[in-house]
Structure formats: structure tokens, C-alpha cells
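# Observations on the three-dimensional arrangement
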Amino acid sequence: MNPLLLVEDLAVEFKTRLGKFYVPDGVTFSVFEGECVGLVGESGSGKSVTALAIMGLLPKNARVARGRILFDGVDITSGNDHPRGKKMSMVFQNPLNSLNPNMKIGQQLCEVLEENFKMSKEEARKRVIETMTKLGIPEAEKMLERYPFEYSGGMRQRAMIAMAMLCEPKLLIADEPTTALDVTIQAQIMRLFKQLKSSSRTSILFISHDLSVVSQIADRIIVMYAGKICEISPVKQLFEDPLHPYTQGLIASVPDLKKKGSKLRSIEGNVPSLLDPPTGCRFHPRCNKKLEICTQHEPDEVQMKDRIVKCWLYEKAGI
Amino acid sequence: MLRVENLSKEFPVEFDVFGRPVKFLRAVQDVSFTVEENTVFSIVGESGSGKSTIARILCGIHKPTTGSIQFMGTPLKGSGHREIQMVFQDPDSSLDPRKTVLFSIEEGLRIHRIGNKEERRRLVIETLKAVGLTEDVLSKYPHQLSGGQKQRVAIARCLVLKPKLLILDEPTSALDVSVQAQILNLLMELKREFSLTYILITHDLKIVYHLSDYTMVMYLGQIMEMGQTERIIQEPMHPYTKALVAAIPAVGTDNLKDFSLKGEIPSPLNPPKGCPFKTRCDFAFEKCNERPPLTDFRGRKVRCHLYTEV
């Protein structure tokens, strides 16, 4: 089966006053139809830039330096004739930054259909109301006439998801969609994503720094660190038997509801600067299992059944 | 150690033509609690619950509208108590970007007129070591440090004044997951070493469970439930606490698929009459239109009519 989205050896170059740097730096992964892939990493891991590159929305000082992005069999790396807004859409972290504060929500949502699909006003309105109701916005007709500031945080995010789903996209990219929300509202939105996943064929690329949020919805998880992929694995195996030392550390550093008061296992040190990334494996300065080779050479991908890991521990073992 | 009684705080939000306030936001309503020495007391709640307002009142940023606070047996008045210090959520906004680490940490000592220049420097270095930093950060500026290091500096800034009570307002929410664990471990070590008492304010029940002894759950300015942390999280009583516990995403399983709480948090400007949670509660019945009292029930306090009947 051909993947819906194929990202191959993608590297994005940033130019800043302090110099050039690459993040992400050579990532390869795919998303299949109807699948939900979680992308996990800390700040500076390159997860959001990867999403922006796929959407063709890189900032001005960045460009795709290497690799290519295939969507539905078409090369979209150049950003010309991009399918965003038609076959691909995105939900951002803070809905207040992505909605126009001067426009009624209804106008903003209808615009998507009128512009991209040349629908008439009435048709668009009907579709918007339908989608909003499906996403749990009560009294959708009334809510259309309101401005973003009149919406609560959870409702705003629902409206954003509605906007993204209006075009019935093949791929939905969600970048930290629940991080700005309260816990009970987060749980509601996660349930909504879950429903979306089961009721439509839309593939979801779900980006988060929070392993526990991603494990609610993803079928497969990609773990990124400092611009590189550490591990790609189906959800269940990732948590039962994390392969990469970074994944192991991440999972262990989340406090859980079983062990109380014990010392948390943390990963020593700090996330490295991308301007001057460590040689060899980028995680080696913080790794508790590092070998001599880790400081000099970057590990290759090791395929283990349906999992991929980039770590010398497994390369050496010759699995 | 700390006894808070009937604390309320109202903010004026609307004024008439003469500038007299006509409408108030009741941020905190009738809150009473005690914090024992050497324990960790958590205040949990979502936005609008009043948890940060309580923290600000305790360190003197806001004046309470009514109520009294006793600290170590004497009433707390005014602001700037050396023995109560606060660690804020985001070190980027709590540290002055134009001042060196040495200046920032030393500032409190200067204000309280402690020691001379050399003594202060020695104290700062001692404190830096306690929070796991070395002398070479002294002359650095915040932008040269990582997020975790900055939060360590923010903690050192409080610690250097030898406080007894530390108020931690979301101390790790601005940090990366791997660094969050480092800071939580550090806080526990410091507590043992300097026999500190913490008031921990957070929305993250996993951290609450991990660190704290007592927990107070708040919703729209009122206490919903209060008691020992372990019992509150393992067998929550109030329907709101139940929902909060059910909303904790677990690592590795999709436990949120059955989460059923409906609706949104009402605006604190216009809270529901009676029980503030009644608009979202599955168990709401007629009586919930009256405000339920905070009742003692099996060793903890609950504000819910379900538990006043029995």
C-alpha cells in the first residue's frame, strides 16, 4: 500500500544572525490512509517545523534544504500548487492566534468553502452548521454570528477543528491542539479527535510534547530529538518496550499514579543547542547507555519488524 | 504553620460614572485551610478557580477583601515577608533579562539588608550549589541559560532568603518533560535539606499525587473537596474531583475514551447560583440550586449536597 504522506530525508535550513542550522535534519516517515501518527518531542526537536514544511508554511528565514515530501503520490516539496485547505489542513495550538478577532466565526468558516470550493453562500452556511453540530458546538446557528472573543477556549478549538474538517481533508495535522486548554476540556477535545478518527477516513498527524496525550489517539508514534528521529513504533510496543534510551527516559520521567513520592527518573542535562549540535548521535551527552562509537558516528536506522530505531545499541547487536 | 480563615477576594470589574465599583468578580470565596509544617499542600483547579489569586494574596501581591491569614502564629500583614517566597511558572518573565544571575539572586538579600557584598556573594554561591548549578553561571544572563537552568535560578532566588514557606505556582509547566522531572526531584531534595513547607499550585494531578500530602480542589473560587492527596485521587468524592481524576491522560493507554463530563467552565463573572458545578454535574438535582455547605465527611471536607444528606 502506498502511503498517503511520505516524508523522505527532509531537512529544513534556518538562517539566523548567529548562523545556519538544520531542524529537522534528515527525517523519513510516512502516514497511511486512515492512520493516526503521533509526533512526540521536546522544544527544539523539530516537530512543529516538520508540520509547517508539510503544510508549505515555513517562515521566511527557512527553506527545505534536502529531501522531499510526497502527498497522495504528488511531490509538494516546492510549495507550488499546494493542496492545503483542500486535501490537507491544520489545527494550531492557540486558537486565539489563528482566528481573526474582527470577523464573525461564521464568516471565517464559510470563507473556506466559498474560496476553495466556490460554493454559494447558502450551501457553505449549511455545510458549516452541519460540521459544527457534528463537532459538538451547541446551537451552531447562533454561534455563527459570534466573534472569537465570545467563545470559550474549548469552543474556539472546536471551531478551529470544524474549520479544518470543512474541506473533508485526507490529512489533518494537529499541532499541540490541547496544550492551551484546561484538563477537563482537554479530555473532551481528545474524545472529539477520537470520534473523528473512527468516523472519517481522515489521517491525522498529531503533534504533542505530552506522551500521555499522544497515547490516547495515535496508532504509531514517532519520537524526535534535536531534529532527528529516535524511534518509530506502534503505540503498544513503544510503551511496553521502549527501545531508544531517550524514549525510555521520557516515559520514565512522567510521574504516574502508582509510585508516590519516589524519586522520578529524569534525563540528566539539557536539550542541546541546534546551532552547535553534538557530534555522532545527538542524544549521547545525556544518554546513560552510551558507547564509544556514539560520540563519533550517527547511527543508521535499524528496522525491527514494524519498528524503527536509530541507536548503536541495536546496530551493534546486529538485529 | 499557616492558617487561612474565611478568605475572600473580590475584584471590581465595572464602575458607574462616579468611578464607584458596581460589579465584582468573586475570585475567591470563603476559603479556609491550614498548612502544617514540613508538608506539601496542593491547590488544584482549572482556569478561573482562584488558585493563583490565593497564591498572590499569600505573598502580599493582593490584599484580601475579607478573612485572616496567620503565619507561624502571627497575623500576616502587608507584603514582602522574607519567610514566604514564591516561584513563578515562567522563569522567562520572572527573571530580569538585563540582569546577571548574581544580581537576580542577590537582589532579595540587598532588599532585606542581609550581609555585606562578600557575604552576599558567598550566600549566592552556596545557594547555587544547592540547586545544582555551578559558580560559572553567576555572570551569565537569562538568555544564555536553558529553561531548566533558569527555573533553578528562580528557585535559588527564593531559597537564598532562607524562607520557611515556598509557594510554587505551576513550577514545571513551562519546562520540557525530561527537565520537569529534574526540577521536581530538586524540589523534593530541597524540602528535605532545608525543612521547607510547600504550597503547590498546579492543574497537573500527576504532579500533585507525586509530591503532595494534602490537596484542596477548587472550582470557580470555592473549595470543592479537601483532604489527604492519596485518598482524594484514589477515591474522589465530589463529582468535579471525579471528573478531574478521570481527565488525567495515562501514558500508554487510551483511558479518555469514556470521559463524559459535558459543558464548559462558566465565566467567573457570572457563576451559576447555588453549587457552581451544577451546570456540568451528572448528579445535579433540585437541591443544588442552594449553595452546599463544606461538610466533614469521612475525614475530608466536601462541598456537595450528595454528602450532606447522609
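Criteria and cut-off values
Residues numbered from 1 in each chain as written. Chains lettered and ligands numbered in written order. Predicted model: local features only at pLDDT ≥ 70, side-chain atom pairs only at ≥ 80, totals over all residues. Heavy atoms only, no water. Helix = DSSP H or I, 4+ residues; strand = E, 2+ residues; numbered from the N terminus. Rg over C-alpha atoms; globule rule 2.2 N^0.38 Å. Contact = heavy atoms within 4.5 Å. Areas by Shrake-Rupley, 256 points an atom, 1.4 Å probe, with all protein chains shown as cover. Lys, Arg positive; Asp, Glu negative; His and termini not counted. Charge placed at Lys NZ, Arg CZ, Asp CG, Glu CD. Axes fitted to C-alpha atoms, helices over the stretch in contact; angles between N-to-C directions. Parallel < 35°, antiparallel > 145°, perpendicular 65-115°, else oblique. Left-handed = near helix turned anticlockwise from the far one by under 90°. Nonpolar A, V, L, I, M, F, W, Y, C, P; charged D, E, K, R; others polar. Salt bridge = Lys/Arg side-chain N within 4 Å of Asp/Glu carboxyl O. Buried < 20%, exposed > 50% of the residue type's maximum accessible area, 1.4 Å probe, protein only. Pairing = 2+ DSSP bridges. Buried area = accessible area lost by both parts, 1.4 Å probe. pLDDT = per-residue confidence, 0-100. Polar contact = N/O pair within 3.5 Å; in protein donor to acceptor, adjacent residues only side chain to side chain.

Looking now at the overall build of chain A. A tally of helices and strands in chain A yields eleven helices and twelve strands. Compactness check: chain A gives a C-alpha radius of gyration of 21 Å against a globular reference of 20 Å for 319 residues, within 12% of the reference. Once the C-alpha set of chain A is aligned to its principal axes, its extents read approximately 65 × 50 × 45 Å. Within chain A, contacts between residues separated by at least 24 positions form 63% of all contacts whose residues are at least 6 apart in sequence. Roughly 14,400 Å² of accessible area belongs to chain A as shown, and the carbon and sulfur atoms make up 49% of that amount. Taking the average location of the 43 positive side-chain charges in chain A and that of its 38 negative ones, the two points are 2 Å from each other.

This part covers the packing of helix α5 (residues 147–159) of chain B against helix α6 (residues 177–194) of chain B. All names here are of chain B. Direction vectors running N to C along α5 and α6 enclose 20°, while the axes themselves pass 10 Å from each other. It follows that α5 is roughly parallel to α6 by the angle criterion. Helix-helix and strand crossings are classified by hand; for α5 and α6 the assignment is right-handed. Across the interface between the two elements, Gly-148, Gln-151, Arg-152, Ile-155 and Leu-159 of α5 pack against Val-179, Gln-182, Ile-183, Leu-186, Leu-187, Leu-190 and Phe-194 of α6. Here the residues of the contact of α5 with α6 are counted per class, giving eight nonpolar, three polar and one charged.

In the structure shown here, the tally under the stated rule is 36 salt bridges over all chains. With its nearest N and O atoms 3.1 Å apart, the salt bridge here joins Glu-298 of chain A to Lys-228 of chain A. Within this pair, whereas Glu-298 of chain A is found in the loop between α10 (245–252) and β11 (302–304), its partner Lys-228 of chain A is found in strand β10 (residues 228–234), the two being separated by 70 residues in sequence. Glu-298 of chain A sits in the partly exposed class, given a relative accessible area of 36%. The shortest N-O distance in the salt bridge between Asp-92 of chain B and Lys-150 of chain B comes to 2.8 Å. Remark: Lys-150 of chain B occurs in helix α5 and Asp-92 of chain B occurs in helix α2 (residues 91–94); sequence separation between them is 58 residues.

The residue after Val-23 of chain A, namely Pro-24 of chain A, is reached through a cis peptide bond having omega -5°. The residue Arg-113 of chain B is not glycine, and still its phi comes out positive at about 50°. Along the chain, Arg-113 of chain B turns up in the loop between α3 (101–111) and α4 (117–130).

The subject of this paragraph is the pairing of strand β3 (residues 36–40) of chain A. All names here are of chain A. Extensive coverage of β3 is indicated by the burial of five of its five residues. What you see with β3 is no split at all: Cys-36, Gly-38 and Val-40 on one side and Val-37 and Leu-39 on the other are buried throughout. Two elements, β3 and strand β8 (residues 203–208), share five bridges in a ladder whose sense is parallel. When the bridges of β8 are listed, Val-40 appears paired with Ser-208. Alignment of β3 against strand β9 (residues 220–225), held across four bridges, turns out to be parallel. Among the inter-strand pairings, Val-40 is bridged to a residue of β9, identified as Val-223.

On to α3 of chain B, then. Within α3 of chain B, the full set of buried residues consists of Val-101, Leu-102, Ser-104, Ile-105, Glu-106, Gly-108 and Leu-109 of chain B. Just beyond α3 of chain B, the residue with positive phi is Arg-113 of chain B, at close to 50°.

Here we come to the sheet that holds strand β1 (residues 5–16) of chain A. Sheets are built from strands paired through backbone hydrogen bonds, the pairs being either parallel or antiparallel. Residue and element names in this part refer to chain A. The strand order across the open sheet formed by four strands is β2-β1-β4-β5, and the pairing between neighbours is antiparallel. The open sheet has two free edges, formed respectively by β2 (19–31) and β5 (74–75), since each of these has just one partner strand. In terms of strand pairing, β1 meets strand β4 (residues 62–71) through eight bridges, oriented antiparallel. Directly across from Glu-13, in β4, lies its bridge partner Arg-63. Docked against the sheet, helix α1 (residues 47–55) engages β1, β2 and β4, running at close to 110° with respect to β1.

Moving on, we get to the interface of chain A and chain B. The interface of chain A with chain B comprises 43 residues on the first partner and 44 residues on the second. A buried area of about 3,700 Å², summed over both sides, lies between chain A and chain B, and 55% of it is on carbon and sulfur atoms. The largest share of the area that chain A buries against chain B comes from Thr-184, Leu-257 and Lys-260 of chain A, three residues that together contribute 18% of it. Note that Asp-254 of chain B is salt-bridged to Lys-194 of chain A, the shortest N-O span being 2.6 Å.

All names here are of chain A. The interhelical angle for the contact between helix α6 (residues 153–165) and helix α7 (residues 183–199), taken along N-to-C directions, is 20°, at an axis separation of 10 Å. As the angle between them shows, α6 and α7 are arranged roughly parallel. Between α6 and α7 lies a crossing of right-handed hand. Packed against α6, whose contacting residues are Gly-154, Gln-157, Arg-158, Ile-161 and Met-165, the element α7 presents Ile-185, Gln-188, Ile-189, Leu-192, Phe-193 and Leu-196 at the interface. Of the residues contributing to the contact of α6 with α7, the split by class is seven nonpolar, three polar and one charged.

A word on the confidence of the model for chain B. Mean pLDDT over chain B stands at 91; residues scoring 70 or higher make up 99%. Scoring of the predicted complex yields 0.89 for pTM and 0.86 for ipTM.

So, about the pairing of β4 of chain A. Residue and element names in this part refer to chain A. Inspection of the sheet shows β4 paired to β5 by two bridges, in the antiparallel sense. Counterpart to Leu-70 in the pairing with β5 is Asp-75. Between the antiparallel neighbours β4 and β5 lie two residues, among them Asp-72 with a positive phi of about 55°.

Time to look at the environment of Lys-191 of chain B. Residue and element names in this part refer to chain B. Locating Lys-191 in the fold gives a position in helix α6. A relative accessible area of 14% means that Lys-191 is categorised as buried. Filtering out sequence-adjacent residues up to four positions away, Lys-191 remains in contact with Asn-38, Thr-39, Val-40, Leu-196 and Tyr-198. A distance of 3.2 Å separates a polar side-chain atom of Lys-191 from the backbone oxygen of Asn-38.

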